[in-house]
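# Observations on the three-dimensional arrangement
So you can see what is in the structure, the chains are spelled out below.
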Amino acid sequence: MKVLLVNPPNCGRSIPEEQYGLDSLKLVLRAEPLCLEALAGNLDAEEVMIVDLKARPGTFRDVLADFAPDVVGITGVTCEANTVVKLASEVKETVNAAVVVGGVHASNDPSFFNKQDIDYIVVGLGKLSFKELLTAIASGRTAHDIPGVAKTRPGTGLAFTRRVYSRDDLAEESPPRYDLTNKYRDDYVMQPFGFSLGLVSTAFGCPHRCSFCSIEGITGGRYLTHDPETIIRDIGLLGGAPVIRLVDANTFGNVAHSRMLCQRIRESGINKGFVADVRSDTVVRHPDLFREWKAAGLRSVIVGFEEIDDKRLGAMEKANTAAINSEAIAILHDTGITIIGDFIVSPDYGEQQFRNLKDYLDKNPVDLPMISILTPLPGTPLYESMKEHITIHDLDYYTLTNAVVPVRMDEKAFYQNYADLMISGHARAKL
Ligand code: SF4
């Protein structure tokens, strides 16, 4: 059986650009679709191809016609969901193939994809369930009974069995098929810093429950770690990449596991730079862990600071404080690890809140602030609490850089303040 796995093209839309001509500095991180490489790694009976439409937009119909797949699997985050549906229709117009949709949006809002040109939806971690689905399709049967897989029934509600995820779903014995994206590898660079990245997964899910976050849908709330030997193997497979992005929601969610992994990287003599995600309270509780990781090659961490006052952090269920955020910044600077800091601007910000955030960043400098706008992503607790106020329902705008509920300030002034923050934050960016 021939299986084509598809990474959709860049497709989000921007209110500040479209309505106010505000084209603030853009950072383009083009990275390999590790989720597809991992799926492909677990398929041994099939001929598999990956098409990365972010790297080669406009090639989809030609690839479909040339490869003539039996099954097409398409992944996508929320702002790509409309595009995923359009790609599914292109498949049905071009070849006779079953269409399977998975990824972050499918995991959090599977009903969105209960549409005519889509045959199945894979909900959550799919390495094992997608393989089970392909086995069913190959044997000619309609799969109604695979946990974590929904057969679409347009016009009626989706009915499927939720999967209880375990480490079996990681299928660790099968490494990602990094070779399937070799032809795109020169495109996988972080601009404007100019270095190329390879992606390795060390863990899925997160032990925390921030209200805006869509990670819970991937593992049903469980935190699952890869065996350190699996991670060492996968780093080794990315021989040429000087920097490895440990592309987890929370790389340090299990401190004992992180210590073991750090030790194995040092023992293995791996000489690479690492970029990983961490919570600020983990840094403050375990500063020694980050000194060890620095010696093992950790060059940058991505920290979800989110907000600068405790009341707003509490409202997000972040289970963290502004004081801990500031302490973590000081520890990381002291350790020599650069900080990519995520902050979230709320649509109810006024001039004063924007000024406060600017002052905070002046006093607590992070090397690369990444500032998003609070967005109620379908499937999250935040969505449930904000859904009555949503005025923009077109998911193309759910890029985390648009307000999809009314802003409190004059809208143009809101986006101008937002753009100014991005520009001043990125002016001193380093990684
Ligand atoms: S700590 Fe990070 S990954 Fe975990 S739930 Fe919160 S935002 Fe999501």
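This section reports on the structure supplied with the text. Bear in mind the structure is a predicted one, so any value in this text is a computation, not a measurement. (Residues numbered from 1 in each chain as written. Predicted model: local features only at pLDDT ≥ 70, side-chain atom pairs only at ≥ 80, totals over all residues.)

### Some details on the environment of glutamate 90
How we decide: Numbering of helices and strands runs from the N terminus, with a helix taken as a DSSP run of H or I at least four residues long and a strand as a DSSP run of E at least two residues long. Neighbour counting defines burial: a residue surrounded by 20 or more other C-beta atoms within 10 Å of its own C-beta is buried, one with 12 or fewer is exposed, and intermediate counts give partly exposed, using backbone-placed C-beta atoms. By definition, residue pairs are in contact when their C-beta atoms, positioned from the backbone, come within 7 Å.
In this structure, glutamate 90 sits in helix H4 (residues 81-94). By the C-beta count within 10 Å, which is 16 here, glutamate 90 ends up partly exposed. As a C-alpha pair, glutamate 90 and arginine 61 span 29 residues in sequence and 7.3 Å in three-dimensional space. For glutamate 90, the residues in contact, after removing those within four places along its chain, are Phe60 and Arg61.

### Here we look at the pairing of strand S14 (residues 298-306)
Short version of the rule: In this description, strands pair whenever DSSP reports at least two bridges between them.
In terms of burial, S14 is a largely internal element, seven of the nine residues being buried. Pairing of strand S13 (residues 273-278) with S14 involves five bridges; the strand directions are parallel. Directly across from valine 275, in S14, lies its bridge partner serine 300. In this sheet, strand S15 (residues 338-345) lies alongside S14 in parallel orientation, the contact comprising six bridges. Counted as the bridge partner of valine 301 is isoleucine 339 from S15.

### Points about the sheet that holds strand S1 (residues 2-7)
In plain terms, the rule: Interaxial angle, 0 to 180 degrees, is taken between N-to-C directions of lines fitted to C-alpha atoms, where a helix line uses only the stretch in contact.
Within the open sheet, the six strands sit side by side as S3-S1-S4-S5-S6-S7. Their pairing is mixed. At either margin of the open sheet sits one strand with a lone partner, and together these are strand S3 (47-52) and strand S7 (149-151). The sheet shows a mean angle of 20 degrees between the axes of neighbouring strands, taken without regard to direction.

### Describing the packing of helix H8 (residues 228-237) against helix H9 (residues 255-267)
Heads up, the rule is: Angle categories: roughly parallel below 35 degrees, roughly antiparallel above 145, roughly perpendicular from 65 to 115, and oblique for all the rest. Helix crossings fall into two classes, left-handed where the near helix is turned counterclockwise from the far one by less than a right angle and right-handed where it is turned clockwise. Just so you know the grouping, Ala, Val, Leu, Ile, Met, Phe, Trp, Tyr, Cys and Pro go in nonpolar, Asp, Glu, Lys and Arg go in charged, and all remaining residues, Gly too, go in polar.
Contact pair H8 / H9: the axes reach a minimum separation of 9 Å and the direction vectors enclose 45 degrees. Judged by the inter-axis angle, H8 sits oblique to H9. In the crossing of H8 with H9, the sense of the turn from one axis to the other is right-handed. Contact residues: H8 offers Pro228, Ile231 and Ile232, while H9 offers Met260, Leu261 and Arg264. Looking at the contact of H8 with H9, its residues break down into five nonpolar, no polar and one charged.

### Focus: the packing of H9 against helix H11 (residues 287-296)
For the pair H9 and H11, the least separation of the axes is 9 Å and the interaxial angle reads 25 degrees. Taken together, the axis directions place H9 and H11 in an arrangement best described as roughly parallel. H11 is crossed by H9, and the crossing has left-handed handedness. The residues of H11 that touch H9, namely those facing Val255, Ser258, Arg259, Cys262, Ile265 and Arg266, are Leu289, Glu292, Trp293, Ala295 and Ala296. Across the contact of H9 with H11, the residue classes break down as seven nonpolar, one polar and three charged.

### Some details on the environment of threonine 335
Structurally, threonine 335 can be placed in helix H13 (residues 322-335). Sequence separation between threonine 335 and proline 287 is 48 residues; the distance between their C-alpha atoms is 8.5 Å. Leave out the neighbours within four places in its chain, and threonine 335 touches Phe290, Arg291 and Lys294.

### A word on the site of the ligand
The following threshold applies: Throughout this description, a residue near a molecule or strand is one whose C-beta atom, derived from the backbone, lies within 6 Å of it.
In the vicinity of the ligand, the contacting residues are Cys206, His208, Arg209, Cys210, Cys213, Ile215, Ala249, Asn250, Arg279 and Gly304. Across the shell around the ligand, the residue classes break down as five nonpolar, three polar and two charged.

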